[in-house]
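Letter by letter, the chains look like this.
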Amino acid sequence: MDRPLLIFSGQSNKPLAQAIAEALGLPLGKSATQRFANDNLFVRFEESLREGDVFIVQSLTPPVQDHLMELLMMVDAAKGASAARVTAVIPYFSYARSDKKDAPRISIAARLIADLLQTAGADRVLTMTLHSPQVHGFFKVPVDHLSAEPVIANHFATRVDLENAVVVAPDAGDLKRASSLARRLRLPLAFIDKERVSDTEVRVRMLVGEVKGKTALIVDDEISTAGSLVEAVEALLQAGAKEVYAAATHGVYVGPALERIAQSPVKEVAATDTCPPKVGPKLKTLPVAPIFAEAIWRIHRGESVSSLFT
Ligand code: R5P
């Protein structure tokens, strides 16, 4: 695109936005967000966006509603300031978990947010590892859906002896992702049938696959309260796994997550920096700014992004 490329950030993950801008050799654009006494937000770009190709980086991390509203207001303000094109870069799209009507009288919030982003004026969306890929279809504007699989595969390949390892899907929703990772690493696959008891508690119903004596590599889209993770680790060790490592795209780590991980026999838990990284003796951060920067550069130049999806 023959327009200036401009990168801005909301409040949710400025270090990632900064790293993306740096990888592109650009300064992070100047903007300010303020909260009024009545709790209303106020956002303002502090430089011209006129005819710019504008990318606004905002992960939907807690406080999710504030970050969502800030993103909507930034998109709206960018359109109002005559940006030529506005891309919402949402490294972690938390509401992707609300993707179906699986109970009466509930909202498919992921679709609602897709509608809101489009109403605000987003021309495109760039995101990574949606909880379920069909959320993509809630948008009428183009969505580029990046994958953290290459980063996670490379991480496991350097941290673990893959000779005697098995990739584990900790629930049905992760089966496709885990299967793809297993193919990439040329490893067998195991699968856990998980039942969610509450928002923070899960129960393992069944483990399918051979894990005895093996190094188990759990791969998940996100680790929120770490309930799924610690239950999966227990089930794998009970089934005779030698050791367990885990990796997820989104390390949200809320509520009891850090304590649960500290007390779990899991060897190491890796997550990318789509959410601001947390620190802990077993936690590892996998940077994804170079992938986002490459995608933004290609989108800006009108080049294919598809090789970054796999
Ligand atoms: C669930 O369907 C997802 O794939 C993750 O396993 C889940 O979001 C993790 O949540 P938590 O860490 O709270 O168990």
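Structure: see above.
Note that the structure is predicted; figures quoted are calculated from it, not measured. (Residues numbered from 1 in each chain as written. Predicted model: local features only at pLDDT ≥ 70, side-chain atom pairs only at ≥ 80, totals over all residues. Heavy atoms only, no water.)

## Brief notes about the site of the ligand
What counts is decided by this rule: In these notes, residues near a molecule or strand are those with any non-hydrogen atom within 4 Å of it. Residues adjacent in sequence count toward polar contacts only when both atoms are side-chain atoms; beyond that, a polar contact is any pair of N or O atoms within 3.5 Å, and within protein one must be able to donate a hydrogen and the other to accept it. Numbering of helices and strands runs from the N terminus; a helix is a DSSP stretch of H or I covering at least four residues, while a strand is a stretch of E covering at least two.
In the vicinity of the ligand there are 15 residues, among which Asp 220, Asp 221, Thr 225, Ala 226 and Ser 228 approach most closely. Within the contact set of the ligand, an oxygen atom lies 3.3 Å away from a side-chain nitrogen or oxygen of Asp 174. In this structure, Ala 226 approaches the ligand through a main-chain N or O atom, which is 2.8 Å from an oxygen atom. Breaking the shell around the ligand down by element, the ones donating at least two residues are β9 (189–196), β11 (215–223) and α6 (227–238).

## Details of the pattern of salt bridges
Applicable threshold: What counts as a salt bridge is simple: a side-chain nitrogen of Lys or Arg found within 4 Å of a carboxyl oxygen of Asp or Glu.
Under the defined criterion, the tally for this structure stands at 19 salt bridges. Among the ionic pairs, Glu 268 bridges to Arg 159, the shortest N-O distance being 2.5 Å. Residue Glu 268 is located in strand β13 (residues 268–272), and its partner Arg 159 is located in helix α4 (residues 149–159); the two are separated by 109 residues in the primary sequence. Through salt bridges with shared partners, one network takes in Arg 35, Asp 39 and Asp 66.

## Some details on the sheet that holds strand β6 (residues 124–128)
The criterion, for reference: Here a strand pair is declared whenever DSSP counts at least two bridges between the two strands. Angles shown run from 0 to 180 degrees and are taken between the N-to-C directions of axes, each axis being a line fitted to C-alpha atoms and, for helices, limited to the stretch in contact.
A sheet is described by the order of its strands in space; here five strands give the open sequence β1-β4-β5-β6-β7, paired in parallel fashion. Of all the strands in the sheet, just β1 (5–9) and β7 (143–146) have a single pairing partner and so form its edges. Strand-to-strand twist across the sheet, computed as the mean angle between neighbouring axes with direction ignored, equals 20°. Bridge count for β6 against β7 is four bridges, and the pairing is parallel. Bridge pairing in β7 places Thr 127 opposite His 145.

## Quick word on empty space enclosed by the protein
What counts, and what does not: Both cavities and pockets are sets of points on a 1 Å grid over the protein atoms alone; in a cavity a 1.4 Å probe fits but cannot get out, in a pocket the set is open with protein on both sides within 12 Å along at least five of seven lines, and lining residues sit with an atom within 4 Å of a point. Grid points are joined across faces, edges and corners, and a volume is the space filled by probe spheres set on the points.
Overall, the coordinates contain three cavities of 30 Å³ or more when judged by the stated rule. In this structure, the largest cavity encloses a volume near 50 Å³. As for the largest cavity, its lining consists of Gly 251, Tyr 253, Ala 271, Thr 272, Cys 275, Pro 276, Pro 277, Lys 278, Leu 283, Lys 284 and Thr 285. Contributions of two or more residues to the lining of the largest cavity are made by β13 and β14 (283–286).

## So, helix α1 (residues 14–23)
The condition that has to hold: Under the scheme applied here, a residue whose accessible area is under 20% of the maximum for its type counts as buried, over 50% as exposed, and between as partly exposed, the area being computed with a 1.4 Å probe on protein chains only. Our arc is simply the arc of the directions from the helix axis toward the C-beta atoms. Contacts: residue pairs with any heavy atoms within 4.5 Å of one another.
Those residues of α1 that sit buried are Leu 16, Ala 17, Ile 20 and Ala 21. In a view along the axis of α1, the buried residues occupy a sector of 135°, so they form one face of it. In α1, those exposed residues whose orientation departs by more than 90 degrees from the buried face are Pro 15 and Glu 22. Where α1 is buried, its residues meet β1, β4 (53–57) and α8 (289–301). Phi turns positive one or two residues past the end of α1, at Gly 25, with a value near 70°.

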